[in-house]
Amino acid sequence: MIAFHVALYLFKSLTITNAEYTASTSAYMAPTGFEEVAVYKECRHNHVASLNRVSYDGCHEFIERNNGEEALLCDACGCHRNFHRKQTIYIPIMPLNTVKPKRKKRTVFTAEQRDRMTRFAETLGWRVQKGKSDEIERFCMEMGMSRRMFIVWLNNNRRRSNDH
Ligand SMILES: [Zn+2]
């Protein structure tokens, strides 16, 4: 669901043109948890403006030069960054420490499964006996559960059975 919202924000932001953005800046404030980042897309430097014609160099995206002095000149077409169409995108801010590990879901058994497990556990004396491992294996297979699931259940329910 989060991924969907991010995709939606990115889609929305990509459809905002420069003019729309400046006209309604307040409507496109970065939402909580998102960082506003400016990117510079295709070059709109009209190289034949003096001839009253329109011709772009075909550069699709401003690429920053590594050297500091000309950092605002596009490494692809050589034009200033201002010639490139500015877009504002929102990038989700996700500090690592807020990502919580998901809690493992507890297995929920049906009443019938619990009955059968209780009866079987009683024959084992509520202990995982080494000599009974084949029997346990067979029981788990019949029940469609892993050996580990059964043993966890056995350990969780032993105290309850001792209370009787
Ligand atoms: Zn250019």
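Note that the coordinates shown come from a computational prediction; the quantities given were computed from them, not determined experimentally. (Residues numbered from 1 in each chain as written. Predicted model: local features only at pLDDT ≥ 70, side-chain atom pairs only at ≥ 80, totals over all residues. Heavy atoms only, no water.)

Peer 1: How would you summarise the overall build of the chain if you had to cite specific residues and measurements?
Peer 2: Check the secondary structure of the chain and you find five helices and two strands. When burial is assessed residue by residue, the chain has 22% of its 164 residues classed as buried. Within the chain, counting contacts between residues at least 6 apart in sequence, those at least 24 apart form 51% of the total. Counting every atom, the chain has about 12,700 Å² of accessible surface; 53% of that belongs to carbon and sulfur. (Helix = DSSP H or I, 4+ residues; strand = E, 2+ residues; numbered from the N terminus. Buried < 20%, exposed > 50% of the residue type's maximum accessible area, 1.4 Å probe, protein only. Contact = heavy atoms within 4.5 Å. Areas by Shrake-Rupley, 256 points an atom, 1.4 Å probe, with all protein chains shown as cover.)

Peer 1: Describe the coordination of the zinc ion, naming the residues involved and giving the relevant values.
Peer 2: In this structure, Cys43 (SG), Asp57 (OD), Cys77 (SG) and Cys79 (SG) serve as the protein donors to the zinc ion, at separations of 2.1 to 2.4 Å. For the zinc ion, the four donor atoms in the first shell make angles of 96 to 124° at the metal, a pattern classed as tetrahedral. Counting gaps between the donor residues of the zinc ion yields the pattern C-x13-D-x19-C-x1-C. You can see Asp57 sitting in the loop between β1 (34-43) and β2 (84-92) and its partner Cys77 sitting in the loop between β1 and β2, a full 20 residues away along the chain. (Donors = N, O, S within 2.8 Å, 3.2 Å for Na, K, Ca; no water. Tetrahedral: all angles 85-135°; square planar, octahedral: opposite > 155°, others 65-115°.)

Peer 1: Give a detailed account of helix α4 (residues 133-143), specifying residues and quantitative values.
Peer 2: Where α4 is concerned, the buried positions are Ile136, Phe139, Cys140 and Met143. Down the axis of α4, the buried side of the element spans an arc of 95°, and every buried residue falls inside it. Projecting away from the buried face of α4 at angles above 90 degrees are the exposed residues Asp134, Arg138, Met141 and Glu142. Just downstream of α4, Gly144 is the residue with a positive phi angle, here 70°. (Arc of directions from axis to C-beta.)

Peer 1: Explain the pattern of salt bridges residue by residue, including any values.
Peer 2: For the structure on display, the rule yields four salt bridges. Residue Arg65 pairs with Asp75 through a salt bridge whose shortest N-O separation is 3.3 Å. Placement of Arg65 in the loop between β1 and β2 and of Asp75 in the loop between β1 and β2 is noted, with a sequence separation of ten residues between them. For Glu142, the salt bridge is made with Arg116, and the minimal N-O distance between the two is 3.1 Å. Separated by 26 residues along the polypeptide, Glu142 in helix α4 and Arg116 in helix α3 (residues 111-123) bring together distant segments of the chain. Under the relative-accessibility criterion, Arg116 is labelled partly exposed at 29%. (Salt bridge = Lys/Arg side-chain N within 4 Å of Asp/Glu carboxyl O.)

Peer 1: Break down the environment of Glu64 for me, citing the residues and quoting the values.
Peer 2: Note on placement: Glu64 falls in the loop between β1 and β2. Between the C-alpha atom of Glu64 and that of Tyr40, which follows or precedes it by 24 residues, the distance is 9.9 Å. Among residues more than four places away in sequence, those in contact with Glu64 are Ala71 and Asp75.

Peer 1: Go over the packing of aromatic side chains, please, and point to the residues and values.
Peer 2: The geometry of an aromatic ring pair comes down to the distance between the two centres and the angle between the two planes. Within this structure, the stated rule accounts for six aromatic pairs. For the ring pair Phe120 and Phe139, a centre distance of 4.2 Å and an interplane angle of 10° mean the geometry is stacked. Taken as a pair, Phe120 in helix α3 and Phe139 in helix α4 lie far apart in primary sequence, 19 residues in all. (Phe/Tyr/Trp six-rings, centres within 6.5 Å; stacked < 30°, edge-to-face > 60°.)

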